[in-house]
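A look at the structure
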Amino acid sequence: MNENSEENENTKYDFEKHWNNAYQKSPITNLGWYEENPEPSMELIEVCNLPKEALIFNAGAGATTLIAQLLNEGYENIVVNDISSAALKELSNNLSLYKNAHINYIIDDLTNPSELLKLKNVDLWHDRAVLHFFTEQYQQNAYFDLLKKAIKPKGFVILAEFNLEGAKKCSGLDVFNYNEEMLQERLGSDFVLLKSFNYTYFQPSGNTREYVYTLFQKK
Ligand SMILES: C[S@@+](CC[C@H](N)C(=O)[O-])C[C@H]1O[C@@H](n2cnc3c(N)ncnc32)[C@H](O)[C@@H]1O
């Protein structure tokens, strides 16, 4: 290792610590991305018309209410991931009422995956407000490589990120803004855009955040 790469290693930001801290310091209902009702995601999931046993993967799930909603709808094969163990602990506590739910929790880094490399045959990849935190090319490349390996033919991908008019920061971190063409370009011609819309999300504080929601299907 030369002097520069050693310096880069030492100055690498600790995202795991950042996100654990975010979930530990305030109740989830106060977080700037908390959704009481994940309506726009559910709208796109309905379009997919998946069987209840379909494998649904939620990337960077945090403590999202989407999982309870999916269980309410009868989906039974759900894998959730996050870099933050605190987030997934909170999620699992919140889902303790669903006694028979079979959920697979994977604590791993989407931009430097290990356990996630085993993920395959995914029918639906869902990401809300995660990809936009990956501001470096190497992070984005790792994320899209993982997605493309995990998703099965005819599988669906929902990406919901801050749009080009949207905020440039979230949770104190820089973000990389997207529109549907940029997401199409990253996914490549093997993926067909089925639906997209811009969506204004109201934070618990009352402030707004502008998202682009996209639904793609792999050929
Ligand atoms: C703004 S929150 C969104 C959480 C959830 N998707 C939602 O809609 O409520 C971003 C989430 O991405 C997770 N995250 C950030 N970087 C990650 C990474 N490299 N790998 C996996 N998860 C990550 C964070 O811990 C956090 O839960």
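Residues numbered from 1 in each chain as written. Predicted model: local features only at pLDDT ≥ 70, side-chain atom pairs only at ≥ 80, totals over all residues.

1. A look at the overall build of the protein
A tally of helices and strands in the protein yields seven helices and nine strands. Computed over C-alpha atoms, the radius of gyration of the protein comes to 17 Å, within 12% of the 17 Å expected from 2.2 N^0.38 for 219 residues, which places it in the range of a compact globule. Overall, the protein is about 55 × 40 × 35 Å in size when its C-alpha atoms are taken along their principal axes. Across the protein, contacts joining residues at least 24 apart in sequence account for 69% of those joining residues at least 6 apart. (Helix = DSSP H or I, 4+ residues; strand = E, 2+ residues; numbered from the N terminus. Rg over C-alpha atoms; globule rule 2.2 N^0.38 Å. Contact = placed C-beta atoms within 7 Å.)

2. Re unusual backbone geometry
With a phi angle near 55°, Asn121 is a residue other than glycine that sits in the positive phi range. Relative to the elements of secondary structure, Asn121 occurs in the loop between strand 3 (103–107) and strand 4 (122–128). A positive phi angle is found at Ala129, which is not glycine, with a value near 65°. By the secondary structure assignment, Ala129 is in the loop between strand 4 and helix 6 (137–150). Of the residues examined, Ala129 has 21 C-beta atoms within 10 Å and is grouped as buried. (Buried ≥ 20, exposed ≤ 12 C-beta atoms within 10 Å, placed from the backbone.)

3. Observations regarding the environment of Phe144
Looking at where Phe144 falls in the secondary structure, it is placed in helix 6. In this structure, the C-alpha to C-alpha distance between Phe144 and Leu187, residues 43 residues apart in sequence, is 7.0 Å.

4. Considerations on the pairing of strand 3
The pairing of strand 2 (residues 78–82) with strand 3 spans five bridges and is classified as parallel. Looking across to strand 3, one finds that Ile78 is bridged to Ile103. Viewed along the sheet, the connection from strand 2 through helix 5 (residues 85–94) into strand 3 turns out right-handed. (Pairing = 2+ DSSP bridges. Right-handed = clockwise from strand over helix to strand, strands pointing away.)

5. A few points about the sheet that holds strand 2
Read from one edge to the other, the open sheet built from seven strands follows the order 3-2-1-4-5-9-8, with strand pairing classed as mixed. Every other strand in the sheet has two partners, leaving strand 3 and strand 8 (191–202) as the edge strands with one partner each. Strand-to-strand, the axes of this sheet are offset by a mean angle of 15°, without reference to chain direction. When strand 8 meets strand 9 (residues 208–218), the two strands line up antiparallel, connected through eleven bridges. Paired with Thr200 across the two strands is Glu210, which belongs to strand 9. (Axes fitted to C-alpha atoms, helices over the stretch in contact; angles between N-to-C directions.)

6. Let's talk about the site of the ligand
Residues in close proximity to the ligand total 20 residues, the closest being Trp19, Gly60, Gly62, Ile83 and Leu110. When contributions to the shell around the ligand are tallied by element, the ones reaching two or more residues are helix 2 (15–25) and strand 2. The residue makeup of the shell around the ligand, split by class, is eleven nonpolar, six polar and three charged. (Near = placed C-beta within 6 Å. Nonpolar A, V, L, I, M, F, W, Y, C, P; charged D, E, K, R; others polar.)

7. Regarding the nonpolar core
Judged by nonpolar contacts, the single largest core of 53 residues is most densely connected at Phe57, Leu124, Trp125 and Val157. Top contributing element to this core by residue count: strand 5 (residues 151–162), with seven residues. When sequence neighbours within four positions are dropped, the list of residues in contact with Val157 reads Trp125, Leu147, Ile151, Leu187, Phe191 and Phe216. (Core = buried A, V, L, I, M, F, W, Y, C linked by C-beta atoms within 7 Å.)

8. Notes on the packing of helix 2 against helix 5
Taken N-terminus to C-terminus, the directions of helix 2 and helix 5 make an angle of 40°; their axes are 7 Å apart at the nearest point. It follows that helix 2 is oblique to helix 5 by the angle criterion. Across the interface between the two elements, Trp19, Asn20, Tyr23 and Gln24 of helix 2 pack against Ser85, Ala86, Ala87 and Glu90 of helix 5. (Parallel < 35°, antiparallel > 145°, perpendicular 65-115°, else oblique.)

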